[in-house]
Amino acid sequence: MEPVSRRTAAVVVGIGALGAAGGIAAVTGALRPLSPGRRTTGSASAGRPGGPLREPTVLRSEGGILEVRLEAARGSHPLAGRSATTLAYNGAIPGPTLRLRAGDLLRVELVNSFDETTNLHVHGLHVSPGGNADNVFVAVEPGSSFSYEYQLPKDHPSGTYWYHPHHHGMVADQLFAGLYGAIVVEEPEPLPVARERLLVVSDITLDAAGGVAAVSMRDRMTGREGELLLVDGQVTPTLRARPGEREHWRVVNTCSSRFLSLRMSGMPLVILRRDSGRLATPTEAPEVFLAPGNRVDLVVTAGQDGGVLRALPVDRGSMSGAMMGNRPASGSTEPVDLLVLEVAGPPVDDLPALPRPPAPRDLSADDVARERVLTLAMGMGMGMGGGPGRGMSLTIDGREFDHERVDQHVELGTVEAWRIVNTSSMDHPFHLHVWPMQVLRQGGRAVETPTWLDVVNVPAFGEVDVRIAFEDFGGRTVYHCHVLDHEDLGMMGVIEAR
Ligand code: C2O
Ligand code: CU
């Protein structure tokens, strides 16, 4: 990132003026409101609210291979403008961004230097789930390491992906404490944009000592939401562009449980891709919805006046009626300013139109080898296999996760139609590893254009119809709710494709 000099900071033009500054002041509470005049250089203001955006370190493949050492450890890092003691990969939050091309080989040596079992999942990549590839059944104990190897197929979709731990029972805690990073599979042809930005959105709650705050069982059942909402580990960072500049934003929702509804003031958001699925035509959207785990590739063209990207509150249902009494709905209730785009300088010339991608694949007319119904439920605990304090069960088809049981046997080379039913009063974002899902119906409405997601939200008391092509990469892996607290509490099943 270019540092903000005093000279350029002084000519910053409106950022939604008082509205934006007021919003930031509200969000950051006691922290200083946005004050461009007081900002100095990039490094001095790293992590300070309102400081220039600093993106994670980038590690890029060369000659078809990327070898990375990822050390997961506890330590002190600048986070949200203070020193925090958290987990991190290679000492930074987020961890390094891994940039690959289709057909590349990715080697990751995961070193576990903290005191809990962990492992690694490459979320959304279409790679083998077996052996030392994207195998979530691997356990990497404290003090040991494991060498992962992921071979991307030559036709792997371009897009934004990410990595995070996946050891059952610890996933939400380890993510919330700082273990996540992005993966980019490059476009075959660079897009005609002035620049690309990687925006990793996460949340965390820090306690008075700067450690990660403890999470109650109630919050686990609802799905925890952190008090701080961060972009690349920063509170409301600032981006700078010239009027008319077109940017490509890659946004990743790495929050353990928080749903994001993104809205930009001052300029439209144009969706290029959701998860790994490129849209047939770039589509302008007033609001962009990201369940935990989802990504979106956006095109943003800077207007004259800049703007603020906000996360609006999302009502994802409540547990009332279950066992918690009449608690308010889950989810944050105030909009949060995620970042500020400041526009200054002379306007730029128009760029050529975005190229039209090849039409997305459409399975809706394919022969279906098998139909399945999967039912997500929350119920009273009554001796289900949890520990003390356990009050409620989170199940798929009436069962909690058991790594030794295979819940779905699938024949490789077939297309299946799955209906995912949610009988509970909360939304559950359903994630399937390895094979993306084409969404045909969601919440009672047909999805007209081919839409490919690897996390699809199943609304409270609603259902979703998807189709899945199980074409390659046989083996055993999982599907689960990506409210990671729910996953840890049992809302996960095992699938084997052969
Ligand atoms: Cu992002 Cu099974 O996880
Ligand atoms: Cu859930």
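Since this is a predicted model, take the numbers as computed values, not measurements.

Participant: What's the story with the packing of aromatic side chains in this structure? I'm lost.
Facilitator: Two aromatic rings are characterised by how far apart their centres lie and by the angle between their planes. Counted by the stated rule, this structure contains 9 aromatic pairs. Note on Trp-418 and Phe-430: the rings are 6.4 Å apart at their centroids and 65° apart in plane angle, and the pair reads as edge-to-face. Note that Trp-418 is positioned in strand β24 (residues 414–422) and Phe-430 in strand β25 (residues 428–432), a separation of 12 residues in sequence. For the pair shown, Trp-418 and Phe-430 are each scored as buried. Where Trp-435 meets Phe-470, the ring centres are 4.9 Å apart and the plane angle is 65°; that geometry is what we call edge-to-face. In this pair, Trp-435 sits in the loop between β25 and β26 (437–442) while Phe-470 sits in strand β30 (residues 463–470), placing the two residues 35 residues apart along the sequence. Of the two residues examined, Trp-435 and Phe-470, each falls in the buried class. Three or more aromatic residues joined by ring pairs form one cluster here, namely Trp-418, Phe-430, Trp-435, Phe-470 and Tyr-479. A cation over a ring is seen here: Arg-224 above Phe-176, with NZ or CZ 5.0 Å from the ring centre.

Participant: Would you mind going over the sheet that holds strand β19 (residues 307–312) with me for this structure?
Facilitator: Sheets are built from strands that pair by backbone hydrogen bonding, the pairs being arranged parallel or antiparallel. Ordered by their spatial adjacency, 5 strands build an open sheet running β12-β20-β19-β14-β17, and the pairing between neighbours is mixed. Taken across any chain shown, the strands that pair with only one partner, and hence form the sheet edges, are β12 (238–241) and β17 (288–290). Adjacent strand axes in the sheet meet at a mean angle of 20° when their direction is disregarded. The pairing of strand β14 (residues 260–264) with β17 spans 3 bridges and is classified as antiparallel. Note on β17: the bridge partner recorded for Ser-261 is Phe-289.

Calculation criteria
- Residues numbered from 1 in each chain as written.
- Chains lettered and ligands numbered in written order.
- Predicted model: local features only at pLDDT ≥ 70, side-chain atom pairs only at ≥ 80, totals over all residues.
- Heavy atoms only, no water.
- Phe/Tyr/Trp six-rings, centres within 6.5 Å; stacked < 30°, edge-to-face > 60°.
- Helix = DSSP H or I, 4+ residues; strand = E, 2+ residues; numbered from the N terminus.
- Buried < 20%, exposed > 50% of the residue type's maximum accessible area, 1.4 Å probe, protein only.
- Lys NZ or Arg CZ within 6 Å of the ring centre and 35° of its normal.
- Pairing = 2+ DSSP bridges.
- Axes fitted to C-alpha atoms, helices over the stretch in contact; angles between N-to-C directions.

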